[in-house]
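Survey of secondary and tertiary structure
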Amino acid sequence: MSFVSAAFLGFLAALLLLYYLLPRSLRKYQWVLLLIGSLVFYAFSGPKYLIFMAATILSTYGAARGIDAVWVKQDIWAKEHKALPREEKKAHKAKVTRRAKWILIACLLFNLGILAVIKYTDFVLENLNGIFGTEFALHHFILPLGISFYMFQSLGYVIDVYRRKYAAERNIGKAALFTSFFPQVIQGPISRFDDLSKTLFAEHRFDPQNFYYGMLRVAWGFFKKLVIADRLAPVIVTLSAADKEYTGVYVLANVFFYAIQLYADFTGGIDITIGVAQMFGIEVTENFDRPYFSKDIAEYWRRWHITMGTWFKDYIFYPLSVSGWMLKLSKWSRAHLGAALGKRIPVYLATIVVWFATGVWHGAAWNFIVWGMLNCLVLLVSQEFTPLYRRFHNRFAFSNTKFWDGVQIFRTFWLMGFIRILDVYRDVPRTFRMVGTVFSDPNWGALTDGSFLELGASAADLIVVAAGAVLMFCVSLWKGRRPLFESINAKPVLVRGFFLWALILIVLVFGVYGIGFDASKFIYNQF
């Protein structure tokens, strides 16, 4: 059930009505209604896929409870044996920690094993067949909706319990809702249990102003998705379909259009997620912070898909960086390779692992792996040149101006765009070949001969996209004391009503949708 469909709007309206019509005495069970609604929502993607979600829910709930029980027993033992020698207490704690770690490892292997089999089996078999000439049959597994998102969210919860960040949730129903909460199960954000649970399980009275803010965010998400992203989709499909016809300037256009489409599509979906949750009184983490205003790639990844980046940083990069064998490698490297190179090797190795994992997470294909490694390469090179950048900024005054900030933003936008175009052309050699035509076959004449009006979008379509993109840009530029939509939400009811209905009207008039108001799937559904 897509967010931008008549079926979803009907489902949402019915669930909201039931949610707020519960008597005061039953309001403490609102979370139960959300759980039922979330499972019904997910069942629309195929009832059989509930099995995979159930496996994640049960395994992570059981593992978290098991780990929590180990820590509780350790605390009790420590209180009862205060008089024991320090070494004996330390040995006991090490033994208990190993027990908790094995429960965690078993949970990780079980869940990541499911993900690996479903998502990567055919990729591995295809490469084995290509390299060794074998004839392994492919299985063509269909990826369950949102499995990468809800699985990572649940595993983060278990890891946090292992780290004693908080105690395990004792109610299996609440643990199930955390995993399956329907607004974010499709494409995130990847929430943390301690953040989401504050409002997810609480009682909520109907708050008109809060409800309006949610509707405004949903309408803004519909605008991005239906007016901009889906109107650009045919153009990108056309530009990516042929090699000889669409070279040079067409590749530049493809990079630019896809940057707009992906941003509008993904952030539009997140706006709908946040807005729907807000309508229920639930706060979900923001996932973007004006990424196209970034001045370098490191800043870009702090602003784009924030919850994914912090997940990989907190649960892979940092643990790997301080692991026992990595510390030994660091010590060995400093002793045998010198302090300068020795201190870099462990950090660079952890960075490579993270970006390889990030690429593989996005998809079982070489274009995603190469995409991840290119991001890694640019980040590491930028890190090495940091001292040079500092000297440059200290020597040349113009590098500390708004103009130079704009140059850096422009450079980062196009650099990320050329890396990201691997998503579009898919095949790695083809992608590099097409990018090469920007220099070998620029085809500048296409800008003036009307060819751009034969790509699946009329002049009117392109004008609508341009106007929509300018509006997105202006909203991003807003620098009030609070975000624009929060500022609008603070206005009198008539002003708020004008903005909401104006946005809804624009979506209805200029949106791209089919029979029954069903639109194309969100790009990040595939991950």
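Note that the structure is predicted; figures quoted are calculated from it, not measured.

Here is what the cut-offs are and how they apply
Residues numbered from 1 in each chain as written. Predicted model: local features only at pLDDT ≥ 70, side-chain atom pairs only at ≥ 80, totals over all residues. Heavy atoms only, no water. Helix = DSSP H or I, 4+ residues; strand = E, 2+ residues; numbered from the N terminus. Rg over C-alpha atoms; globule rule 2.2 N^0.38 Å. Buried < 20%, exposed > 50% of the residue type's maximum accessible area, 1.4 Å probe, protein only. Contact = heavy atoms within 4.5 Å. Areas by Shrake-Rupley, 256 points an atom, 1.4 Å probe, with all protein chains shown as cover. Lys, Arg positive; Asp, Glu negative; His and termini not counted. Charge placed at Lys NZ, Arg CZ, Asp CG, Glu CD. Core = buried A, V, L, I, M, F, W, Y, C linked by side-chain atoms within 4.5 Å. Phe/Tyr/Trp six-rings, centres within 6.5 Å; stacked < 30°, edge-to-face > 60°. Lys NZ or Arg CZ within 6 Å of the ring centre and 35° of its normal. Patch = residues over 30% accessible without salt bridge, like charges linked within 9 Å, V, L, I, M, F, W, Y side chains within 5 Å. Salt bridge = Lys/Arg side-chain N within 4 Å of Asp/Glu carboxyl O. pLDDT = per-residue confidence, 0-100. Polar contact = N/O pair within 3.5 Å; in protein donor to acceptor, adjacent residues only side chain to side chain. Expected span 1.5 Å × (residues − 1). Bend = angle between axes of the 7 residues up to and from the residue.

The helix and strand inventory of the chain stands at 23 helices and zero strands. Taken over the C-alpha trace, the chain has a radius of gyration of 25 Å; the compact-globule value for 527 residues is 24 Å, and the two agree within 12%. Counting only C-alpha atoms, the chain reaches 85 × 70 × 60 Å along its principal axes. Taken over 527 residues, the chain has a buried fraction of 50%. If you take every contact in the chain between residues at least 6 apart in sequence, the share linking residues at least 24 apart comes to 77%. A total accessible area of about 26200 Å² is found for the chain, and carbon and sulfur atoms account for 67% of it. A distance of 10 Å separates the average location of the 55 positive side-chain charges in the chain from that of its 35 negative side-chain charges.

Attention now moves to the nonpolar core. In terms of nonpolar packing, the biggest core is built from 146 residues, with Leu34, Phe182 and Phe280 touching the most fellow members. In terms of residues, this core owes the most to one element, helix H10 (residues 249-279), which gives 20 residues. Apart from the residues within four sequence positions on either side, Phe280 is in contact with Leu12, Leu15, Leu16, Tyr19, Tyr20, Leu34, Phe182 and His204.

Looking now at the packing of aromatic side chains. For the structure on display, the rule yields 62 aromatic pairs. If you follow Arg290 out to its NZ or CZ, it ends over the ring of Phe293, 5.1 Å from the centre. It is Arg496 that lies over the ring of Tyr212; its NZ or CZ is 5.3 Å from the centre.

A contiguous patch of positive charge, built from Lys73, Lys95, Arg98 and Arg99, is present on the exposed surface. With three residues, the single largest contributor to the positive patch is helix H4 (residues 86-132). Take Arg98: it is sitting in helix H4. Residue classification places Arg98 among the partly exposed positions, given a relative accessible area of 49%.

Together, Val124, Leu128, Ile131, Phe132 and Phe136 line one region of the surface with nonpolar side chains, adding up to about 500 Å² of accessible area. With respect to the helices and strands, the residue Phe136 is situated in the loop between H4 and helix H5 (147-162). In this structure Phe136 comes out as partly exposed when scored by relative accessible area, which is 43%.

Turning to the confidence of the model for the chain, a few remarks are in order. Per-residue confidence for the chain gives a mean pLDDT of 93; residues scoring 70 or more make up 97%. Per-element mean pLDDT across the chain ranges from 83 in helix H14 (residues 339-342) up to 98 in helix H6 (residues 172-180).

Following the sequence through the fold, Lys328 ends up in helix H13 (residues 324-337). Among the residues examined, Lys328 registers a relative accessible area of 64% and is labelled exposed. For the pair Lys328 and Ser197, spaced 131 residues apart in sequence, the C-alpha separation works out to 39 Å.

What follows is about the side chain of Ser294. By the element assignment, Ser294 lies in the loop between H10 and helix H11 (297-303). Under the relative-accessibility criterion, Ser294 is labelled buried at 1%. Within the structure, the side chain of Ser294 is placed 2.6 Å from the backbone oxygen of Pro291, a separation counted as a polar contact. For Ser294, the side chain forms a polar contact with the main-chain nitrogen of Tyr300, separated by 3.4 Å. If near-sequence neighbours (up to four positions away) are discounted, Ser294 is found in contact with Glu299, Tyr300, Arg303, Gln408, Ile409 and Thr412.

Attention now goes to the pattern of salt bridges. Across all of its chains, the model carries 15 salt bridges by this definition. A salt bridge links Asp194 to Lys165, with the shortest nitrogen-to-oxygen separation between them at 3.5 Å. With Asp194 in helix H8 (residues 193-200) and Lys165 in the loop between H5 and H6, this pair connects stretches of sequence that are 29 residues apart. We note a salt bridge from Lys224 to Asp271, for which the minimum N-O separation is 2.8 Å. You can see Lys224 sitting in helix H9 (residues 208-239) and its partner Asp271 sitting in helix H10, a full 47 residues away along the chain. As far as the burial class goes, Lys224 and Asp271 line up, both buried.

Time to look at H9. A rise of 1.5 Å per residue sets the reference length of H9, with its 32 residues, at 46 Å; its end C-alpha atoms lie 45 Å apart and thus fit the reference within 8%. The largest bend in H9 amounts to roughly 35° and is located at Ala229. Across the 32 residues of H9, 25 count as buried, placing the element largely inside the fold. With a side-chain oxygen lying 3.2 Å from the backbone nitrogen of Gln209, the N-terminal cap of H9 falls on Asp207.

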